[in-house]
Amino acid sequence: MTDEHKTVGARKRRTTDQVNTASSQSDVGNDVHTTNKVSRKDVHATETSARKNSEGNLRPFETKVGRDMRRHLSGRAQTVIKKLDWPSEFELDGVTYHNDGILSDSSGEAIIFTVSRDKKKYALKLYYYDPEHRPNHKILEKVRQLNGSGLLVNIISHGEWNNESRNEKNDYELMDFCEGGSLDGVVLDGDEQALAQVAVKMASAIDFLSKHGILHRDIKPGNFFYTDKEKTQLVLADFGISEECPQGGTCKIDEMRSPVYAAPEFYTNVPGEPAEVGVESDYFSLGVSLLCLWMGKAKLVANESQLLRSKLNETLPIPQDLSPHMISLIKAFLDKTENQRPSHI
């Protein structure tokens, strides 16, 4: 999923390993999980759309030097990935799936494969081995039990896959393949009706999760997918950093975040202690997402400190070519005070 897409915490963990990988091709066999680039691609998109932003454009919060290093590491990482000997089949929860190939090898937290069984296609998210940061399988199971909601991606199974080549067990998540791709990079400028329809669907997914005691924590266009090629059904995916959070309550979180979309309260923790947030933070991210869907993300490109100041001062750029109602709604989502934000549309 493109843009700054990997959450900050994982990006920090991967950088050192990436440099080590690029500097030593002899360690390829032992460095399977350190060959990724820092961005997260659209895991359900076509190959063409997955290549967007890979040609050298500066990403948010990235300097030219950083971009050049990213391009250098990316080339080396691609060479390493191609040499990996992935199995032709994956045995997941006692069921065999054919490996149709890597869909995205540039995620900061996982490699995404397209797999199939009985002519049906699925997306397999295989997390990099990281004992300190693992997906919450209790949450994944909650989401799996909500299959058929029409608001969340259907999770087929989740658990651990035995990676025999590295003598490791990798967390995995197997889900329906979303044929229509994600909202990442979509700009609806000029079509407010479409923006309103998307806003309702996004808010409904957040509300649905909240009512089942889950805080998503990474709401952004790249995590909403169309299940069909006709793009009629939009669902929320990617629960890798989600937290259990009682409806109307709060939960403690770590430093993981997507800077463009993260709510101000993500930064209000006492040093050494986790921040405490509620579902209002997901709605703040929804407000930023609506800005990006209307005018593109370019106007929100800044270093993280500047972006945080804009959020705290409520000076994020608000488009004036929207109806007063839509402007009022977006401003309400972007209120710096959590309990002042709407919790539904």
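Residue positions within a chain follow its written sequence, with the count starting from 1. Confidence filtering applies because this is a predicted model: local features only for residues at pLDDT of at least 70, side-chain atom pairs given and counted only at 80 or more, and all residues used for totals across whole chains, interfaces and linings. With hydrogens and water excluded, all non-hydrogen atoms of the structure serve as input to the side-chain values.

Asks: Break down the pairing of strand E4 (residues 120-127) for me, citing the residues and quoting the values.
Replies: Remark: exposure states derive from per-residue accessible area (1.4 Å probe, protein chains only) relative to the maximum for the residue type, with buried under 20%, exposed over 50%, and partly exposed in between. By the criteria applied, helices consist of DSSP H or I runs no shorter than four residues and strands consist of E runs no shorter than two, each listed in order from the N terminus. For E4, the buried fraction is high: 6 of the 8 residues fall into the buried class. One ladder, built from 8 bridges, connects strand E3 (residues 110-117) with E4; its direction is antiparallel. Residue pairing across strands places Ser116 opposite Lys121, the latter belonging to E4. The loop that links E3 with its antiparallel partner E4 comprises 2 residues; one of these, Asp118, has a positive phi angle of about 55°. A pair of strands counts as paired when DSSP detects no fewer than two bridges linking them. In this sheet, strand E6 (residues 168-176) lies alongside E4 in antiparallel orientation, the contact comprising 5 bridges. Within the sheet, the bridge partner assigned to Lys125 lies in E6 and is Glu173.

Asks: Give a detailed account of the sheet that holds strand E1 (residues 89-92), specifying residues and quantitative values.
Replies: The sheet built from 6 strands is open, its strands ordered E1-E2-E3-E4-E6-E5 with antiparallel pairing. The open sheet has two free edges, formed respectively by E1 and strand E5 (155-163), since each of these has just one partner strand. Averaged over all adjacent pairs, the angle separating strand axes in this sheet is 40°, with direction ignored. Of the strand pairs in this sheet, E5 and E6 are connected by 8 bridges, and their pairing is antiparallel. Bridge pairing links Glu160 to Asp171 in E6. Whether two residues touch is decided by their heavy atoms; if any such pair falls within 4.5 Å, the residues are in contact. Here an angle of 0 to 180 degrees is reported between the N-to-C directions of two axes, which are lines fitted to C-alpha atoms, with helices fitted over the stretch in contact. Where helix H4 (residues 137-144) meets the sheet, its contacts fall on E5 and E6, and the angle it forms with E5 comes to roughly 145°.

Asks: Quick rundown of the nonpolar core? Include the residues and the values.
Replies: Think of a nonpolar core as a cluster: buried Ala, Val, Leu, Ile, Met, Phe, Trp, Tyr and Cys residues, connected wherever their side-chain atoms sit within 4.5 Å. Counting 66 residues, the largest nonpolar core has Leu152, Met202, Phe239, Leu286, Val288 and Leu290 as the members making the most contacts within it. Non-local contacts of Val288, meaning those with residues more than four positions away in its chain, are made with Val260, Tyr261, Leu300, Leu316 and Leu334. Core analysis: the second largest hydrophobic core is formed by 14 residues, Phe113, Leu124, Leu126 and Trp161 among them.

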